[in-house]
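# Structural overview for review
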Amino acid sequence: MKKMHKIKLFCSVLATLCFCGLYSCDDDETKGTAYDPSLPVTIETFSPDSGRIRAQFIIEGNNFGNDASKVKVWFNQKEALVINVVNNAIYTIVPKQPGDSCVISVVVEGDSVAFHDKKFTYHITESVSTVVGKALEGGNTNGSLTEATFQKPRWIAIDYEDNIILSDEGSYQVRLISLNSDEVITLFTPAVLLQDFAFTADRRTFYATVDNGTVIYKFSADDLWVPEEVGAMGIDGYFHGMAMGKDENHLYARQNVGVVWEVDLEHGWEDAVKYSPADYLENGGQGNIVYSPVEDCFYVVSGNQKHSIFRMSADGTEYVKYAGGGSENGSSSGYRDGPADQALFNWPQGIAINSEGDIFIAEKNNHTIRKIDHRTKIVSTVAGQAGVAGYEDGDPLESLFNTPMGLAFDKEDFLYIADQGNHCIRKLSIE
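Predicted model only: the values in this text are computed from it and were never measured. (Residues numbered from 1 in each chain as written. Predicted model: local features only at pLDDT ≥ 70, side-chain atom pairs only at ≥ 80, totals over all residues. Heavy atoms only, no water.)

### Some words on the environment of glycine 384
The condition is simple: Only DSSP runs of H or I reaching four residues or more are called helices, and only runs of E reaching two or more are called strands; each is numbered from the N terminus. Contacts are assigned to residue pairs with any non-hydrogen atoms lying within 4.5 Å of each other.
You can see glycine 384 is positioned in the loop between β30 (378–383) and β31 (404–409). Sequence separation between glycine 384 and isoleucine 369 is 15 residues, and the spatial gap between their C-alpha atoms is 6.4 Å. Each residue touching glycine 384, except ones within four places of it in the same chain, is listed here: His367, Thr368, Pro396, Leu397, Ser399 and Phe401.

If you want it as structure tokens, here you go:
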């Protein structure tokens with residue numbers, strides 16, 4: 001499908017360039033003109049002036065050459081995919097979220113030029129939609145996406161085929177939601193609730209533990225997701241989050257008392273290493289843990305007691321309070337966007353990292369989805385209305401949630417949300 005899409009785009013550029021008169025389709029001399037390093041690369045104009053992600057984009061100028069592999073196009077600091085090049089025109093597509101106002105730059109074999117006569121205006125499309133489950137109607141029904149019902153969806157993850165793996169707090173079931181085949185099935189029904197899932201990087205295997213227990217289960221796509229009991233933590237307690245680190249032989253489990261345990265999957269579970277956080281994270285209450293490959297660190301949620309997000313170094317030796325909770329060691333709850341060290345949360349729960357490294361939080365008691373920009377450390381509300389529980393799709397900041405819990409990103413950076421109080425899975429589409 002991706003190859004066919006690219007062929008269609010290539011055909012589109014030829015038609016578009018010919019239609020616009022940028023070059024003659026029969027003019028082999030123009031088409032074959034190579035880049036001349038003795039002449040400058042110039043940009044005369046581009047079109048359109050504004051657009052969204054994946055919009056077709058044409059740059060007119062001179063001395064671009066004829067080898068697309070040697071041409072780069074930038075929208076601010078975001079590189080665009082170059083589809084085709086002739087000496088006086090480049091066909092590309094708009095990249096994702098390069099900024100509201102973009103300077104267009106072209107690099108040909110190291111010769112670069114930026115066009116400042118006008119800027120490209122980027123538009124973001126955002127929406128909240130219901131993917132599966134009957135809003136306001138709890139149940140425990142498998143079947144098609146329109147038939148399926150859930151009781152209390154809590155933790156979710158996305159596999160390599162963009163199937164949704166769901167742990168239902170009401171039924172204790174682990175369900176698989178296939179968006180491609182329009183089907184919901186039950187994978188496993190443990191005696192107690194299965195907690196958050198730790199997927200490997202290829203998303204073909206995940207690990208999970210049970211609430212108030214030490215059993216660790218392994219689920220593999222190669223084994224049709226049939227659970228295998230692979231060991232025990234050797235530690236009594238409640239585990240409310242799991243994550244894989246950079247080394248996929250090591251599993252990190254976040255205990256309800258706030259500490260994190262590292263388990264070496266090759267050398268046994270009894271020798272788990274305890275990473276003791278600072279005193280203010282002890283008895284940290286419910287929450288999750290997630291690994292950020294962009295920053296090579298972990299983010300740990302302290303939910304109902306500290307109302308904060310903590311950052312843990314990859315080796316577990318350093319904990320710092322990252323966002324929320326009022327004072328450095330405080331446990332203030334509330335609602336406030338802004339700089340991370342001044343922001344307030346009210347029972348943060350699920351946490352997920354997008355491909356850019358930004359942190360997204362499902363906020364149980366404020367009924368919102370919050371974002372922390374990892375570059376600026378600014379907290380913002382991206383969906384829901386603070387303090388207002390309800391059900392409403394549409395514009396993200398006009399949408400309503402009821403006790404959002406688990407979060408997971410798919411390969412396209414669409415965010416899926418376990419909306420527990422509404423008994424359904426929602427999707428936040430940014431683009």
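There is more to say after this.
### Here we look at the nonpolar core
To keep things clear, this is the line we draw: The set of buried Ala, Val, Leu, Ile, Met, Phe, Trp, Tyr and Cys residues whose side-chain atoms join them within 4.5 Å is what this entry labels a nonpolar core. Buried means the residue's accessible area, taken with a 1.4 Å probe over protein chains only, is under 20% of the maximum for its type, while exposed means over 50%, and partly exposed covers the values in between.
Core analysis: the biggest nonpolar cluster contains 23 residues, and Ile59, Phe75, Ile90, Val106 and Phe120 have the highest contact counts within it. For this core, the elements supplying multiple residues, two or more each, are β1 (42–47), β3 (56–62), β4 (71–75), β5 (78–86), β7 (101–108) and β8 (111–122). With four residues, β7 is the single largest residue contributor to this core. If we ignore the near neighbours within four places in the chain, the residues touching valine 106 are Val41, Ile43, Ile59, Phe64, Val71, Lys72, Val73, Ile90, Asp111, Ser112 and Val113. Judged by nonpolar contacts, the second largest core, of 18 residues, contains Trp155, Phe206, Tyr217 and Met405.

### Some thoughts on the pairing of strand β22 (residues 289–292)
In plain terms, the rule: Whether two strands pair comes down to DSSP finding at least two bridges between them.
Burial of the side chains of β22 extends over both faces: Ile289 and Tyr291 are buried on one face and Val290 and Ser292 on the other. Of the pairings in the sheet, the one linking β22 to strand β23 (residues 297–302) comprises four bridges and is antiparallel in character. Bridge pairing in β23 links isoleucine 289 to valine 300. Here β22 hands over to β23 after four residues, with aspartate 296 in that stretch at a positive phi of 55°.

### Side note on the packing of aromatic side chains
The relation between two aromatic rings is expressed through the spacing of the ring centres and the mutual angle of the planes. Selection rule: Note on aromatic pairs: the rings of Phe, Tyr and Trp (six-membered ring only in Trp) are paired at centre separations within 6.5 Å, and the planes decide the class, stacked below 30 degrees, edge-to-face beyond 60, tilted for the rest. Charge over a ring is defined by NZ of Lys or CZ of Arg lying within 6 Å of the ring centre and within 35 degrees of the ring normal.
Across all of its chains, the model carries 16 aromatic pairs by this definition. Considering the side-chain rings of phenylalanine 197 and phenylalanine 206, the 5.1 Å spacing of their centres and the 75° angle between planes classify their relative orientation as edge-to-face. Across the pair, phenylalanine 206 and phenylalanine 197 agree in class, each one buried. Pairwise contacts between aromatic rings join Phe188, Phe197, Phe199, Phe206, Tyr217, Phe219 and Trp225 into one cluster. Looking at arginine 204, its charged tip hangs above the ring of tyrosine 160, at a distance of 4.3 Å from the centre.

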